[in-house]
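# Survey of secondary and tertiary structure
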There are 2 protein chains.
Amino acid sequence: MKARVHVMLKDGVLDPQGEAVRHALGAMGFDGVEGVRQGKVIELELADGTTEDRIGEMCERLLANTVIESYRIEIV
Amino acid sequence: MKARVHVMLKDGVLDPQGEAVRHALGAMGFDGVEGVRQGKVIELELADGTTEDRIGEMCERLLANTVIESYRIEIV
């Protein structure tokens, strides 16, 4: 089975990488880019029957820093 | 309007970061993790009416390195 974990910085946490992308897009002539946030996506190839709870545990312990990041699990 | 761009390494391109995550999960006792690929997700807040073509152009020129990465655009 396959799962996808999306990890994004929480609202209010400064995202310098996203800010740099926003600035670069503007400098390249792409108008109307009002905001950019950059996050991670982690695709996991897992043994069949792995529960979403188990994946949540992976997120809490390794994949996301839950102090500043939120995560979302998607089974695909 | 809001768009989300997913950027992943193409198949066959070595992903040391994903490999490190896979190894770490195994070492932490999470069995059955057969593969991990790590990519980026970029959330764009755009002026209404920005076309998907225009977003594709942003990907081609800045957001993805199309030699080694593939991208997928999602309007949300």
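The structure this text deals with has already been given above.
Let us look at the structure shown here. Note that the structure is a prediction, hence the values are computed from the model and not measured. (Residues numbered from 1 in each chain as written. Chains lettered and ligands numbered in written order. Predicted model: local features only at pLDDT ≥ 70, side-chain atom pairs only at ≥ 80, totals over all residues. Heavy atoms only, no water.)

## Here we look at the interface of chain A and chain B
- Counting residues at the interface gives 33 residues for chain A and 32 residues for chain B.
- Interface area for chain A against chain B, summed over the two sides, is near 2,800 Å², with a carbon-plus-sulfur share of 63%.
- Connecting chain A to chain B are 0 salt bridges.
- Taken together, the connections running from chain A to chain B amount to 12 residue pairs in polar contact (both at pLDDT 80 or more).
- If you list the elements that add at least two residues to the side of chain A that touches chain B, you get β1 (2-9), α1 (16-27), β2 (33-46) and α2 (52-63) of chain A.
- Of the residues forming the side of chain A that touches chain B, the biggest block, 14 residues, is contributed by β2 of chain A.
- Of the residues that constitute the side of chain A that touches chain B, the class distribution is 16 nonpolar, 6 polar and 11 charged. (Contact = heavy atoms within 4.5 Å. Buried area = accessible area lost by both parts, 1.4 Å probe. Salt bridge = Lys/Arg side-chain N within 4 Å of Asp/Glu carboxyl O. Polar contact = N/O pair within 3.5 Å; in protein donor to acceptor, adjacent residues only side chain to side chain. Helix = DSSP H or I, 4+ residues; strand = E, 2+ residues; numbered from the N terminus. Nonpolar A, V, L, I, M, F, W, Y, C, P; charged D, E, K, R; others polar.)

## Re the sheet that holds strand β3 (residues 69-75) of chain B
- If you trace the 6 strands from one edge of the open sheet to the other, you get β3(A)-β1(A)-β2(A)-β2(B)-β1(B)-β3(B), paired in antiparallel fashion. Edge positions in the sheet fall to β3 (69-75) of chain A together with β3 of chain B, since each has one partner strand and no second. Geometrically, the sheet is characterised by an average inter-axis angle of 25° between neighbouring strands, direction not taken into account.
- Of the pairings in the sheet, the one linking β1 of chain A to β2 of chain A comprises 6 bridges and is antiparallel in character. (Pairing = 2+ DSSP bridges. Axes fitted to C-alpha atoms, helices over the stretch in contact; angles between N-to-C directions.)

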